[in-house]
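Chains, contacts and geometry: an overview
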Amino acid sequence: MIKIFSILSFFIGYISFSQTVQVTGVVIDTTQAPLEMASILALKDGNVENYAITNHEGRFKMNLRRGEKYILRANYLGMKPSETEIELTGSEDSYNLAIMLFTDENQLDGVEIKYEMPVVKRGDTLIYNADSFTNGTERKLGDVLKKMPGMNVNEKGDIEFEGKKVSKVMVDGKDFFDGDSKLATKNIPADAVGKVEVLSNYNEVSQMRGLGNDQDNVVINLKLKEGKTNFWFGEVEGGAGDGKETRYLGRSSLFYYSPKSSINILGNLNNTGDVPFTARDYFNFTGGMSSGVNTGTNINIPESDLRFLMMQNNRAKELESKFGALNFSHQLTNKWGISGFSIFNDGKTGFLQETIREFITTGITEISTSNTRQRNQLGLVKLSSVYKPHNRFQFDYDVLAKAADQREGGNVISVFSGEVNPIDEFKKNEPISVSQKANLYYTLNDKNIFAGYFNHLYQNEDPFYNAIVSLQPFPEFLPLIPDQQRYNINQDSEVFTNKIDLKLDYYFVLNKMSNFNISLGYTKHKQKYSSSMFQILDNNSVNRLEDEQFNNCVDYDLSDYFVGLRYKLKHGIFTITPGLSLHYYENINSQAGVETQEEKMLLLPLFIAHAQIKRSQSLSFNYRMTADFTDVNNLAEANVLSSYNRLFRGNRLLENAIFNTWSLNYSNFNMYNFTSIFAGINYNRRLNAIRNTTLIEEINLVTTPINSSRTDELLSVNANFEKTFRLLKTKLSTSQFLNQLQLVANEQPVKSRNFIQNYTGSVLTNFKKSPHFEVGYNRNISQNENGGITNIFITDKPFANVQVNFFEGFRFMAEWSYNNYRNKEKTITNEYSFAEATLSYQNPGNPWEFKLEGTNLFNVQSLNTSNFNEFFNSNTEFFVQPRIIMATVTYKL
């Protein structure tokens, strides 16, 4: 497929430039030295026709139309601009010239450029001029970023630059919902963005810049256009429609920015499948609260897993969302600023799905039909404060509170071995967490710098599960009272977590090229876990399972005392950072009247190397050894019912795993020929990893975690290629994931191997006038081997979208994708096409816009997905929302 797209890219490029002349040249100074990153604009009748940027040899190239006259304007910071007139009226296919720039003796702060370059690089900052990549069809920030070389917005709305995930979005230097770029890409209006600044090697604390390893820290700062400050801007939208029932939509995004303050207000109310904030977003949302205490120890503190369905797109059968968010910042004084946000989401989701599970060990096939209703009420509040009285001192404080009310109920019809088992299920969880972070930075002098970190996490969860079944589950394990019309089983749990991290960093700066870092720290991790199981009888009396194997009461205490040493050295193009951290662990586990205690010491190494081959080309290597500790959920030994056919028993004897991780990443963002290549390979070797051993009886699973005696291996490879022509942008990407695990089922070893391949290619136009289109192709191959059984599923997905402007103010936009899902034997197949279209009208200069929108135009009824694990292979058909037609009105401020 990659070969096909390479030929397609060449063909399109040939057609585009067959009537053009390639203009090449070199930009030098008066000493004949080449000037890297000089900008050259091709001007015709006062308009920018094309542009180029010189490489490390001072060379540039661009394609211009044959038979035209141009003025080439060369600019370089600190130099006088130069203008050269060229005439491309001959028959030659190429034109070459040399441009010499002279020092501007009177220039103080830089050259004032009348014509703005589309892309400018200044140190670690890359600046895109948004208007150079837009044509008026873009609605939101994400539409703009997708057209910029080196930038990508994935399906979730997250921003990626040079293959690295953008950790923060700022607007005019002010945080925009810190910790989530999705809210920015889907809400900030495209026409408000003047420039996009990409800040690489970012560290928000000025004293700490250059001391650590910030190569993977990427932040985006959006510069607003003139006229957008000190005024409210944004849009309000409302609509109604039909799709087997009345549909409604209300949406708003309002923004205010001034030199000292900012306010962002987002709102969304709909039942059309527009999901602005999902339960998965909630659990993954950090609010920028990443810990500064990173020493090589990893303590997993997951949110309690009730196995809530987490379908987070617009493909569920019923979806209703109520979303509101407020983000603010204010500079109280020149030394003290505050900021924060609050987010609330109330989502209701209906799922209807049919699943076929083939259990590997028993050979039994279960066919289940489930109809489920889910409600997720989610809330977050964050407050931040930054106090910086002078350049040598900074104090930061952040607090993030999260609360949720999750409920899921429904019925399942399970059929296996000739038995029919109707099941009613109910799950709920009301987790609360409060995270606090206080950081202090102090520079004694140029040689001595101190940093202190304090983090605290409090978390409380109370998951509850209820199953009412017709067939008695786990007859050999659960002492239920028999002869009931139905078996009403309940599982109640509560988990308290308190975690404190303290660390003191001392940096001794030897010179501009090297420094030592000494760390001292302490982590205290305490958890309490309790659970009980009971049966409600037909006469409403309660049968409490009093035996200790059905009642957990666990205290878990883990302490980590550590000292670390790192040395950072720059030499030529290389930056290397070797390091070691020595840890002393105390581990106390008390349950069922028995206390176990363990002490150990571990020496954990790391090595980081970075080669800046050219300003646009780099290679990075990372190695780290990590001690991975589990949390109390895996240690509690009494039985816990997690679904109608699954019991879980913890293991108090679990030890920590050792993860060895190697990664190699290559980046080449070449603005000379507008080609970008990003590639990476990651290998993880896990020793003593926690894996499950499972007893399977018919369709019932009893699972216990153990430390695996075998080595787990995970390998992932990704590569992205992007080539931008004058009017076209081509993309090719691939990702490969392979893991090999050793599992245990019915006391027999089971080898599990998963190999997932994904390939995508697309061509995107960037014409100044419509039509604009994108065409592409995606192939996904998922191969799983479990217990000698191999399953291969393939999905082929061609896709296209088009935008056409016509008459005065009319616009038509459409998106289409065709999915061909099948297994290798073609015993499971599903083909469907999704299409969406919008017809809009907005009179130029008028704030009102009118739209007619349609989703799922082919009225697809259901989709398929597959799942593989050590227990079973499954294929699920889930039903989706029908065709929806909406009429909406938008008012732009």
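Everything numeric here is computed off the predicted structure, so don't read it as measured data.

A look at the sheet that holds strand β15 (residues 193–199)
- Pairing is mixed in the open sheet, where 6 strands are placed in the order β8-β9-β15-β16-β13-β14. With one partner strand each, in any of the chains shown, β8 (119–122) and β14 (174–175) form the two edges of the open sheet.
- The sheet contact formed by strand β9 (residues 125–129) and β15 spans 5 bridges and is antiparallel. Considered in β15, the bridge of Leu126 is made with Val198.

What about the sheet that holds strand β2 (residues 39–44)?
- Spatially, 4 strands are ordered β3-β2-β5-β6 in an open sheet, and the strand pairing comes out antiparallel. A strand with exactly one partner marks an edge of an open sheet, and here the two such strands are β3 (47–53) and β6 (82–87). Strand-to-strand twist of the sheet, defined as the mean angle between neighbouring strand axes without regard to direction, takes the value 25°.
- Sheet analysis places strand β5 (residues 69–75) next to β6, joined by 6 bridges and oriented antiparallel. Looking at the pairing, Tyr70 lines up with Ile86 of β6.

Thoughts on the nonpolar core
- Counting residues in each nonpolar core, the largest one holds 56 residues, and the members touching the most others are Tyr128, Phe176 and Ile343.
- Judged by nonpolar contacts, the second largest core, of 25 residues, contains Val469, Leu545, Val702 and Phe871.

Digging into the environment of Glu318
- Here Glu318 lies in strand β21 (residues 318–331).
- Through-space distance from the C-alpha of Glu318 to that of Ile127 is 42 Å; in sequence the pair is 191 residues apart.
- In this structure Glu318 touches Lys348, Thr349, Gly350, Arg373 and Gln881, once residues within four positions along its chain are discounted.

Section: the pairing of strand β52 (residues 884–892)
- Two strands pair when backbone bridges link them, and strand β17 (residues 232–242) and β52 are joined in this way by 8 bridges, in the antiparallel orientation. Of the residues in β52, the one forming a bridge with Glu235 is Lys892.
- Note that strand β49 (residues 848–855) and β52 share 8 bridges and pair antiparallel. For Phe850, the partnering residue across the bridge sits in β52 and is Val889.

Focus on the environment of Tyr683
- Mapped onto the fold, Tyr683 is located in strand β39 (residues 675–687).
- For the pair Tyr683 and Leu738, spaced 55 residues apart in sequence, the C-alpha separation works out to 9.6 Å.
- Leaving out residues up to four positions away in the same chain, Tyr683 has contacts with Asn660, Thr661, Trp662, Glu713, Leu714 and Leu715.
- Within polar-contact distance, the side chain of Tyr683 engages the side chain of Glu713 at 2.6 Å.

What to know about the confidence of the model for the protein
- Of the residues in the protein, 93% have a pLDDT of 70 or more, and the chain-wide mean is 87.
- Per-residue pLDDT stays below 50 along residues 1–17; that stretch engages in 21 contacts with residues further than four places along the chain or on separate chains.
- Considering only residues more than four positions removed or in separate chains, one finds that residues 108–114, a stretch of pLDDT under 50, has 9 contacts.

Digging into the packing of aromatic side chains
- If you walk through the whole model with that rule in mind, you get 25 aromatic pairs.
- Aromatic side chains Phe607 and Phe621 sit 6.4 Å apart centroid to centroid with 50° between the ring planes, which places their arrangement in the tilted category. Here Phe607 is found in strand β34 (residues 594–614), whereas its partner Phe621 is found in strand β35 (residues 617–629), with 14 residues between them in sequence.
- Phe607 gets classed as partly exposed once you look at its relative accessible area, which sits at 30%.

Details of the side chain of Asn221
- Residue position: Asn221 is located in strand β16 (residues 219–224).
- On the basis of relative accessible area, Asn221 is assigned to the buried category, the value being 7%.
- Within the structure, Asn221 has its side chain in polar contact with the backbone nitrogen of Gly173 (distance 2.8 Å).
- The contact partners of Asn221, leaving out residues within four places of it in the chain, are Met170, Val171, Asp172, Gly173, Lys195, Val196, Glu197 and Leu199.

Examining the pattern of salt bridges
- One pass over the full model with this rule turns up 33 salt bridges.
- Lys44 serves as the salt-bridge partner of Asp45, at 3.1 Å between the closest nitrogen and oxygen.
- Classification of Asp45 by relative accessible area gives exposed; the value is 68%.
- With relative accessibility at 17%, the residue Lys44 sits in the buried group.
- Via salt bridges that share partners, Glu237, Arg251, Asp274 and Lys851 belong to a single interconnected network.

What counts as what
Residues numbered from 1 in each chain as written. Predicted model: local features only at pLDDT ≥ 70, side-chain atom pairs only at ≥ 80, totals over all residues. Heavy atoms only, no water. Pairing = 2+ DSSP bridges. Helix = DSSP H or I, 4+ residues; strand = E, 2+ residues; numbered from the N terminus. Axes fitted to C-alpha atoms, helices over the stretch in contact; angles between N-to-C directions. Core = buried A, V, L, I, M, F, W, Y, C linked by side-chain atoms within 4.5 Å. Buried < 20%, exposed > 50% of the residue type's maximum accessible area, 1.4 Å probe, protein only. Contact = heavy atoms within 4.5 Å. Polar contact = N/O pair within 3.5 Å; in protein donor to acceptor, adjacent residues only side chain to side chain. pLDDT = per-residue confidence, 0-100. Phe/Tyr/Trp six-rings, centres within 6.5 Å; stacked < 30°, edge-to-face > 60°. Salt bridge = Lys/Arg side-chain N within 4 Å of Asp/Glu carboxyl O.

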